[in-house]
Amino acid sequence: MAHVRSLGGFSGAASEARAPRRVGAKPWDTLDELTRSGIIPLDRAESARRAAKRTGSRPEDIILHRRLATEAQIAAARAKVLGVQLADLDRYPPERLLLDALGATEAIRFGVLPWRRLGNTTLVAAPSQEAFKAAGPALTASLGQCALVIAEPNAITQAILRKKRTYLTRLAETRVPIRESCRALFGARWEIGIAALAVAVLIALGFASGPVLLVATCWALLTLVATTLLKIAAAVISLTRKVPAPPDMRGLQTAALPRISILVPLYEETRIAQHLLARLQKLNYPRDRLDVILITERDDFTTRDTLAATALPHWFRHLTVPPGRVKTKPRALNFALDHCRGTIVGVYDAEDAPEPDQLLHVAGAFARAEGDVACLQGRLDYYNPEENWLSRCFTMEYAAWFRVLLPGLAALHFPVPLGGTTLFFRRAALEELHGWDAHNVTEDADLGLRLARKGLRTELIDTVTHEEANCRAWPWVRQRSRWLKGYAITYAAHMRRPAALWRDLGPWGFLGVQVLFLCTLSQFLLAPLLWSFWLVVFGWAHPILPLLPENGLLWIMGLFIVSELSGLGLVALGLRQTRHGHIWPWMLSLPAYFPLGTAAAYKAAGELLGRPFYWDKTVHGVTLTAEP
């Protein structure tokens, strides 16, 4: 056992670890040791002590936040205080069988690492005695007698990843059970079925084009009625509901604030990485209660190198996701979930600029919410509406969606399709749902539906995150095609067993899914058929006109007008709740904006055949000068 001797009396330290010299070590002992060793000046140590007492924070967190000592110095001081070994996990990696006995996910969750076996005792590396005690029952059940050794938190994480990278990567891709995931939908049967349907439609059009077009037109009109009624209901709710007063944050004591973990998936984001760090550092939330995880992909060398060259605050961590079968945002989120240290888990995108008090609002909203509220959805807005016509239209669309339509869905007790960012979950509920479906390219909408099926609720909170509007036509189409493809996949996944969906959501919730997903997709795909009726105004003989009842065309035109007016009404109601009211004249140009969505829908339909899980990346950082 040469490595034992090289550790400097490892055997003796192990026996001491069974009964540390300072069993009753106090939270201040590590600070005192750092002061005695000359690492922290006495006056700064006293200031840190007062701050920790005032806020209820751990002294180590105050030390790190103020950059008074490094993680390595704190670990060495803590080991000396407790009289236990300081483990070198890089030089002496853990024994695989010990880690397997506890389980990699449990080790990550507790932040501990079964390291070496010495006699009948397992030496467990932990960052603190508190972490060791928290994991005590799980350690004893799987390993028997255990003893503490100290190691840095990041060293523990990296050692686990080196040993269990393949397993954890596979787990991130299959976390959601296959009966709930979309990954089992696609294959030879799917492609054959779609091809057969396309052939059948072509044959039907060849032999009976009139009746086929009539059926398609009737379905398009029926779905238009459904979506129009939903818009009208959302508008009425918006006009009649009482706007809640801003929450009173004065009652929130710092010591009672929960720890919040923020997940930020990044991919090829070098143009925006520095802006992201600056925005997140504006968050008005105690740093010792904040845990930000920046997630990158293994092949994204540019973003990884950018972060490696950046001095990240102590409450930031950088986690790299190994390559796998798919490369999607939800897979990255799943990989990082077990690494979270907070009881609340939030998600931001790379280009997000949240309001500084946003996390205080989240903490207060969860503190006051009922137990079945598992998710809080913030409002999204854009900081570059003046970039061009496309960014203005996108801003108007988001105003209607997040400020009128989503609150209307919640008020109607329909499932709420979540946005991809400014989401905050009770961690226990998120883990109960097995995280995100790694294969779904609109994992947010799918998760909102799975929340509703479990009887959990989403509430919308009055806090805004600003994003960068996609202001170029082809990137806009690519982004929207991913969203529409994800909607189609989500609908197909949950409608595999319609009776189960009906049972989980009830008749009203089931109806809401049909309107939100099926009717929306139908409207995008069949829009050209509806637009063709406007050609009658210019004297074109429409082939369906002879099949319509008397005055049928007038009813169709009236429906078109009501639908357009309801859509414009939603936009107007949404804009009046934003700072963008001055762009309202551009609402009249929206009829020229929505055909882009139909182009995206047909692109999405094509990808469903060949690349259902392909994540079409949206480039960020095109507009940075107009930030709020």
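Residues numbered from 1 in each chain as written. Predicted model: local features only at pLDDT ≥ 70, side-chain atom pairs only at ≥ 80, totals over all residues. Heavy atoms only, no water.

Describing the overall build of the chain
Within the chain one finds 23 helices and 11 strands. Expressed as a percentage of its 628 residues, the buried residues of the chain come to 55%. Pairs at least 24 residues apart make up 79% of the contacts formed inside the chain by residues separated by at least 6 positions. Put simply, the chain shows about 27,300 Å² of open surface, and 61% of that area lies on carbon and sulfur atoms. (Helix = DSSP H or I, 4+ residues; strand = E, 2+ residues; numbered from the N terminus. Buried < 20%, exposed > 50% of the residue type's maximum accessible area, 1.4 Å probe, protein only. Contact = heavy atoms within 4.5 Å. Areas by Shrake-Rupley, 256 points an atom, 1.4 Å probe, with all protein chains shown as cover.)

Quick word on the sheet that holds strand S11 (residues 457-467)
Across a sheet, paired strands are connected by hydrogen bonds in the backbone, their directions being either parallel or antiparallel. The strand order across the open sheet built from 8 strands is S6-S5-S4-S7-S10-S9-S11-S8, with neighbouring strands paired in mixed fashion. The two strands at the open ends of the sheet, each matched to only one other strand, are strand S6 (316-321) and strand S8 (353-354). Relative to strand S10 (residues 423-426), strand S9 (residues 373-382) runs antiparallel, the two being bridged by 3 bridges. What sits directly across from Gln377, in S10, is Leu423. (Pairing = 2+ DSSP bridges.)

Here's the deal with the sheet that holds strand S2 (residues 121-126)
Strands sit in the order S1-S2-S3 across an open sheet of 3 strands; the sheet is mixed. Each edge of the open sheet is held by one strand with a lone partner, namely strand S1 (113-118) and strand S3 (146-150). Each strand of the sheet is rotated relative to its neighbour by a mean of 30 degrees, with strand direction disregarded. Judged from the 5 bridges that link them, S1 and S2 form a sheet pairing that is antiparallel. Along S2, the bridge assignment pairs Leu118 with Thr121. (Axes fitted to C-alpha atoms, helices over the stretch in contact; angles between N-to-C directions.)

Looking at the packing of aromatic side chains
All chains considered together, the criterion is met by 17 aromatic pairs. Aromatic pair Phe394 and Tyr398: ring centres 5.4 Å apart, planes at 80 degrees, arrangement edge-to-face. Here Phe394 pairs with Tyr398, and both are found in helix H17 (residues 389-411), just 4 residues apart, close to one helical turn. Classification of Tyr398 as buried rests on a relative accessible area of 10%. Of the aromatic side chains, those joined through ring pairs into one cluster are Tyr382, Trp389, Phe394, Tyr398, Phe402, Trp476, Trp483, Tyr593 and Phe594. Geometry around Trp586 places Arg392 over its ring, the cationic atom sitting 4.5 Å from the centre. (Phe/Tyr/Trp six-rings, centres within 6.5 Å; stacked < 30°, edge-to-face > 60°. Lys NZ or Arg CZ within 6 Å of the ring centre and 35° of its normal.)

As for the environment of Ser481
For Ser481, the position within the fold is in helix H20 (residues 473-494). Sequence separation between Ser481 and Thr598 is 117 residues, and the spatial gap between their C-alpha atoms is 9.0 Å. Those residues within four positions of Ser481 in sequence are excluded, and the remaining contacts are Ala600, Lys603 and Ala604. For Ser481, the side chain forms a polar contact with the side chain of Lys603, separated by 3.2 Å. (Polar contact = N/O pair within 3.5 Å; in protein donor to acceptor, adjacent residues only side chain to side chain.)

Regarding a nonpolar patch on the surface
Taken together, the side chains of Trp531, Trp534, Leu535, Val537, Phe538, Trp540, Ile561 and Leu565 present a nonpolar region at the surface, about 890 Å² in accessible area. Inspection of the secondary structure assignment puts Trp531 in helix H21 (residues 498-531). (Patch = residues over 30% accessible without salt bridge, like charges linked within 9 Å, V, L, I, M, F, W, Y side chains within 5 Å. Salt bridge = Lys/Arg side-chain N within 4 Å of Asp/Glu carboxyl O.)

Some remarks on the pattern of salt bridges
Throughout the structure, instances matching the rule amount to 37 salt bridges. In the salt-bridge network here, residues are joined through shared partners; they are Glu106, Arg109, Arg175, Asp338, Arg427 and Glu431.

Describing the pairing of S3
With 5 of 5 residues buried, S3 is to be regarded as a mostly interior element. Both faces of S3 are covered, namely the face carrying Cys146, Leu148 and Ile150 and the face carrying Ala147 and Val149.

Concerning the nonpolar core
Counting residues in each nonpolar core, the largest one holds 62 residues, and the members touching the most others are Leu89, Leu139, Leu263, Phe425 and Trp436. Considering each element in turn, this core owes the most residues, 7 residues, to helix H11 (residues 153-174). When sequence neighbours within four positions are dropped, the list of residues in contact with Leu89 reads Leu113, Trp115, Ala125, Ala151, Ala155, Ile156, Ala159 and Arg162. Ranked by size, the runner-up nonpolar core spans 57 residues in total, among them Cys182, Cys393, Ala452 and Tyr491. (Core = buried A, V, L, I, M, F, W, Y, C linked by side-chain atoms within 4.5 Å.)

So, H11
Over its 22 residues, H11 runs only 27 Å from end to end, short of the ideal 32 Å by more than 12%, given 1.5 Å per residue. If you look at H11, its biggest bend is around 85 degrees, right at Lys164. Among the residues of H11, Ala155, Ile156, Thr157, Ala159, Ile160, Leu161, Lys164, Leu168, Thr169, Ala172 and Glu173 are the ones counted as buried. Residues of H11 that are buried in the fold lie against helix H7 (96-102), helix H8 (104-110), S1, S2, S6 and helix H15 (329-337). (Expected span 1.5 Å × (residues − 1). Bend = angle between axes of the 7 residues up to and from the residue.)

Structural notes on helix H22 (residues 552-575)
For H22, spanning 24 residues, the distance from its first C-alpha to its last is 35 Å, which sits close to the expected 34 Å at 1.5 Å a residue. Buried within H22 we find Gly552, Ile556, Met557, Leu559, Phe560, Ser563, Ser566, Leu570, Val571, Leu573, Gly574 and Leu575.

Examining the packing of H20 against helix H23 (residues 595-610)
Contact geometry of H20 with H23 gives a least axis separation of 7 Å together with a crossing angle of 55 degrees. When the axis of H20 is compared with that of H23, the two are oblique. When the axes of H20 and H23 are compared, the crossing they make is right-handed. Packed against H20, whose contacting residues are Trp474, Trp476, Val477, Arg478, Arg480, Ser481, Leu484, Lys485, Ala488 and Ile489, the element H23 presents Leu596, Gly597, Ala599, Ala600, Ala601, Lys603, Ala604, Glu607 and Leu608 at the interface. In terms of residue class, the contact of H20 with H23 is made up of 12 nonpolar, 2 polar and 5 charged. (Parallel < 35°, antiparallel > 145°, perpendicular 65-115°, else oblique. Left-handed = near helix turned anticlockwise from the far one by under 90°. Nonpolar A, V, L, I, M, F, W, Y, C, P; charged D, E, K, R; others polar.)

A closer look at the side chain of Arg482
For Arg482, the location among the structural elements is in helix H20. No salt bridge is formed by the buried Arg482. Its closest oppositely charged neighbour is Glu443, at 5.6 Å. When residues no more than four places from it in sequence are discounted, the contact partners of Arg482 are Val441, Thr442, Trp615, Asp616 and Thr618. (Lys, Arg positive; Asp, Glu negative; His and termini not counted.)

What to know about the packing of H21 against H23
In the contact formed by H21 and H23, the axes pass within 7 Å of each other and the chain directions differ by 130 degrees. Our classification of the angle between H21 and H23 gives oblique. The two elements H21 and H23 cross, and the hand of that crossing is left-handed. Residues Phe524, Leu525, Ala527, Pro528 and Trp531 of H21 form the contact with H23, whose own contacting residues are Pro595, Gly597, Thr598, Ala601 and Tyr602. Tallied by class, residues from the contact of H21 with H23 come to 8 nonpolar, 2 polar and no charged.

Looking at the environment of Glu432
In this fold, Glu432 is placed in helix H18 (residues 427-432). You can call Glu432 exposed: its relative accessible area is 51%. Here the alpha-carbon distance between Glu432 and Lys454, two residues 22 residues apart in the chain, equals 9.5 Å.

Considerations on the confidence of the model for the chain
Where the model shows low pLDDT, its predicted coordinates should not be examined in detail. On average, the chain scores 88 in pLDDT, and the residues at 70 or more come to 90%. Summarising per-element confidence for the chain, the mean pLDDT is lowest in helix H1 (residues 2-6) (33) and highest in strand S7 (residues 344-347) (98). Confidence drops under pLDDT 50 across residues 1-23; counting only partners more than four residues distant or on other chains, this segment forms 41 contacts. (pLDDT = per-residue confidence, 0-100.)

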